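Architecture at a glance
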Amino acid sequence: MNITIFHRRAWLTLFVGLGVAGSQAQSDTSTEAAPASDDGVQRITLVGGNYDFEPEHIVVRAGVPVELQARRRPGLTPHNLVIRSIPMGLDIEASLTTEPTTIRFTPRVPGRVEFYCDKRLLFLSSHRDRGMVGVLEVVE
């Protein structure tokens with residue numbers, strides 16, 4: 001009887017621990033808000049590689065110019081950055097190199113749009129399918 005109670009407690013501890021770890025993993029995503037500098041431009045740095053972006057969530061203001069410095073981590077795998085939203089006035093596709101590329105745009109309206117890498121190696125899933133996705137959030 002005591003062994004059964006011990007096993008139930010062990011399983012309960014394991015499940016509770018996994019639940020806590022899962023909720024922490026979801027909250028660990030990186031968000032970066034881009035404050036406007038003295039010249040009125042929102043500046044932010046985006047780094048891609050290893051099938052992810054850092055930060056994964058970018059927040060900017062509508063109607064304010066954005067200057068995005070985008071690059072990839074060193075390595076042989078090619079990556080790019082795609083951001084497309086007709087309502088926001090965004091149609092961006094840029095190759096990422098280890099040197100920063102400056103991408104300038106001004107989002108027109110609030111909303112959310114995914115940014116992603118659409119590269120893929122022959123016979124493998126696209127980088128987007130492997131998790132190389134982030135969110136650009138445009139606020140008032």
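Placed above this text is the structure.
A brief structural summary. In this text the structure is predicted, and so the values were computed from the model without any measurement. (Residues numbered from 1 in each chain as written. Predicted model: local features only at pLDDT ≥ 70, side-chain atom pairs only at ≥ 80, totals over all residues. Heavy atoms only, no water.)

Now for the overall build of the chain. Check the secondary structure of the chain and you find one helix and 10 strands. Helices (α) and strands (β) of the chain occur, in sequence order from the N terminus, as α-β-β-β-β-β-β-β-β-β-β. Every one of the 140 residues in the chain was classed for burial, and the buried ones make up 33%. Taking as baseline every contact in the chain between residues at least 6 positions apart, the subset at least 24 positions apart corresponds to 63%. Put simply, the chain shows about 8900 Å² of open surface, and 56% of that area lies on carbon and sulfur atoms. (Helix = DSSP H or I, 4+ residues; strand = E, 2+ residues; numbered from the N terminus. Buried < 20%, exposed > 50% of the residue type's maximum accessible area, 1.4 Å probe, protein only. Contact = heavy atoms within 4.5 Å. Areas by Shrake-Rupley, 256 points an atom, 1.4 Å probe, with all protein chains shown as cover.)

The final tally for this structure, using the stated rule, is one cavity of 30 Å³ or more. The computed volume of the largest cavity comes to approximately 50 Å³. Tallied by class, the residues present in the lining of the largest cavity amount to 11 nonpolar, no polar and no charged. (1 Å grid on protein atoms, 1.4 Å probe; cavity = no way out; pocket = protein on both sides within 12 Å on 5 of 7 lines; lining within 4 Å. Points joined across faces, edges and corners; volume = space filled by probe spheres on them. Nonpolar A, V, L, I, M, F, W, Y, C, P; charged D, E, K, R; others polar.)

The next subject is the nonpolar core. Counting residues in hydrophobic clusters, the biggest one holds 24 residues, and the most contacted among them are Leu 68, Leu 81, Ile 83 and Leu 136. Within the residue set of this core, elements represented by two or more residues are strand 2 (42–49), strand 4 (57–61), strand 5 (66–72), strand 6 (79–85), strand 7 (90–96), strand 8 (101–105), strand 9 (111–116) and strand 10 (133–139). With four residues, strand 7 is the single largest residue contributor to this core. Residue contacts for Leu 81: discarding those within four places in its chain leaves Leu 46, Phe 53, Leu 68, Ala 70, Ile 92, Glu 93, Ala 94, Leu 96, Ile 103, Phe 115 and Tyr 116. (Core = buried A, V, L, I, M, F, W, Y, C linked by side-chain atoms within 4.5 Å.)

In the structure shown here, the tally under the stated rule is eight salt bridges. Residue Glu 137 is joined to Arg 112 by a salt bridge in which the shortest nitrogen-to-oxygen separation is 3.3 Å. Separated by 25 residues along the polypeptide, Glu 137 in strand 10 and Arg 112 in strand 9 bring together distant segments of the chain. By relative accessible area, Arg 112 is classed as exposed at 55%. (Salt bridge = Lys/Arg side-chain N within 4 Å of Asp/Glu carboxyl O.)

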